[in-house]
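Given next are the chains, with one letter for each unit.
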Amino acid sequence: QVHLVESGGGLVQAGGSLRLSCAASGSISSINGMAWYRQAPGKQREWVAVITSGGSTNYADSVKGRFTISRDNVKNTVFLQMNSLKPEDTGVYYCNAFLIVAVIGGSNYWGQGTQVTVSS
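Conventions and cut-offs
Residues numbered from 1 in each chain as written. Predicted model: local features only at pLDDT ≥ 70, side-chain atom pairs only at ≥ 80, totals over all residues. Heavy atoms only, no water. Helix = DSSP H or I, 4+ residues; strand = E, 2+ residues; numbered from the N terminus. Buried < 20%, exposed > 50% of the residue type's maximum accessible area, 1.4 Å probe, protein only. Phe/Tyr/Trp six-rings, centres within 6.5 Å; stacked < 30°, edge-to-face > 60°. Lys NZ or Arg CZ within 6 Å of the ring centre and 35° of its normal. Salt bridge = Lys/Arg side-chain N within 4 Å of Asp/Glu carboxyl O. Pairing = 2+ DSSP bridges. Axes fitted to C-alpha atoms, helices over the stretch in contact; angles between N-to-C directions.

### Here's the deal with unusual backbone geometry
Link 1 in the chain: Phi at N76 is positive, roughly 55°, even though this residue is not glycine.
Link 2 in the chain: Among the structural elements, N76 can be located in the loop between β7 (67-72) and β8 (77-82).
Link 3 in the chain: Residue N76 is classed as partly exposed on the basis of its relative accessible area of 23%.
Link 4 in the chain: Even without a glycine there, the phi angle at V103 is positive, about 75°.
Link 5 in the chain: Here V103 shows up in the loop between β9 (91-101) and β10 (105-110).
Link 6 in the chain: For V103, a relative accessible area of 90% translates into the label exposed.

If you want it as structure tokens, here you go:
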């Protein structure tokens, strides 16, 4: 089985920082793009940031300049450093990755989510 497990969420005051991690485990041959999404209460899930296998990154306008996505290809882990947090950043953050799995092939996987709450 393949798993994506997020960690690092929590409660922080506005202006503070958090660092999310997402580790992929299982019979993974390789990992293509890795991304973070979030879902605020009562809203649809939205894309936050993406990083390619080569390290190219892209961000949603709402987080550009405040969030940084990075990855450790040896540890199959993606990170999201979140600075200058705002109350509107509150939500459940989900890790997403396109994994090439032994025997199965390529498929899109999601983590279970980690809660981020930013108080004003």
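### Examining the packing of aromatic side chains
Link 1 in the chain: If you walk through the whole model with that rule in mind, you get one aromatic pair.
Link 2 in the chain: Of note, R45 hangs over the ring of Y94, and the distance from its end group to the ring centre comes to 3.7 Å.
Link 3 in the chain: Note that R45 overlies the ring of W110, its terminal NZ or CZ placed 4.7 Å from the centroid.

### Some thoughts on the pattern of salt bridges
Link 1 in the chain: Under the counting rule described, the total for this entry stands at four salt bridges.
Link 2 in the chain: For R38, the salt bridge is made with D89, and the minimal N-O distance between the two is 2.9 Å. Of this pair, R38 sits in strand β4 (residues 28-39) while D89 is found in the loop between β8 and β9, placing the two residues 51 residues apart along the sequence. Here R38 and D89 have matching classes, each one buried.

### Points about the sheet that holds strand β3 (residues 18-25)
Link 1 in the chain: With antiparallel pairing, the four strands of this open sheet are ordered in space as β1-β3-β8-β7. Since the sheet does not close on itself, it has two edges, and those belong to β1 (3-7) and β7, each with one partner. Neighbouring strand axes in the sheet, compared pairwise and without regard to direction, differ in orientation by 15° on average.
Link 2 in the chain: As judged from the six bridges shared by β3 and β8, these two strands associate in the antiparallel manner. The partner of S21 across the bridge, within β8, is F79.

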